[in-house]
Amino acid sequence: MMDCGKPGALRDGTNLAWLVLVGSTLVGWWLGHAIQTAQAPMRLATAGVLLIAFAKTWLVGYQFMELKHAPWWLRHGFDAWIIAVCAALMALYLG
């Protein structure tokens, strides 16, 4: 068995990606709860939830849909799509 220098549980990146997804879900939940209890400005918290959702979408595509091994045009096309749709939704919501 080849040792790549990383701890066993985080060797392939899948577990780390899963932990980031769980953590970002908890942050999104907290922001949603802050909106309902009026502890945060509503527009700012909603924009944060949208940004987290797009970051999670990118991470799922990159890690679990194997875009990290895809041709460069597909990888960057996905990146451009994520950025464009997120920017359009933010402009529509905040504008």
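Keep in mind the model is a prediction, meaning the values are calculated, not measured. (Residues numbered from 1 in each chain as written. Predicted model: local features only at pLDDT ≥ 70, side-chain atom pairs only at ≥ 80, totals over all residues. Heavy atoms only, no water.)

A short note on the packing of aromatic side chains
The final tally for this structure, using the stated rule, is two aromatic pairs. Look at Trp-58 and Tyr-62: their rings are 5.0 Å apart centre to centre, the planes differ by 15°, and that puts the pair in the stacked class. Taken together, the residues span about one helical turn, with Trp-58 and Tyr-62 both in helix α2 (residues 42-64) at a distance of four residues. Looking at Trp-58, the relative accessible area reads 32%, which means it is partly exposed. Ring geometry for Phe-78 and Trp-81: centres 6.3 Å apart, planes at 20°, overall stacked. Of the two residues, Phe-78 and Trp-81 both sit in helix α3 (residues 72-94), three residues apart, roughly one turn of that helix. Given the relative accessible area of 46%, Trp-81 is considered partly exposed. The cationic tip of Arg-43 hangs over the ring face of Tyr-93; the distance from NZ or CZ to the ring centre is 5.2 Å. (Phe/Tyr/Trp six-rings, centres within 6.5 Å; stacked < 30°, edge-to-face > 60°. Helix = DSSP H or I, 4+ residues; strand = E, 2+ residues; numbered from the N terminus. Buried < 20%, exposed > 50% of the residue type's maximum accessible area, 1.4 Å probe, protein only. Lys NZ or Arg CZ within 6 Å of the ring centre and 35° of its normal.)

Details of the UniProt feature "transmembrane region" (unreviewed entry) in the chain
Here the UniProt-annotated "transmembrane region" (unreviewed entry) positions come out as residues 16-32, 44-65 and 77-94. Between the C-alpha atoms that bound residues 44-65 the distance is 30 Å, and the span itself is 95% helix and 0% strand. Each end of residues 77-94 is marked by a C-alpha atom, and these two atoms are 25 Å apart; helix forms 100% of the span and strand 0%. (UniProt positions renumbered as here; feature names shortened; annotations may be inferred.)

Let's talk about unusual backbone geometry
Here the phi dihedral of Glu-66 falls at roughly 60°; this positive angle occurs in a residue that is not glycine. On the accessibility criterion, Glu-66 (42% relative accessible area) is partly exposed.

What to know about the environment of Thr-14
Looking at the secondary structure, you find Thr-14 in helix α1 (residues 14-36). For Thr-14, a relative accessible area of 27% puts it in the partly exposed group. For the pair Thr-14 and Gln-63, spaced 49 residues apart in sequence, the C-alpha separation works out to 6.8 Å. Those residues within four positions of Thr-14 in sequence are excluded, and the remaining contacts are Gln-63 and Phe-64. (Contact = heavy atoms within 4.5 Å.)

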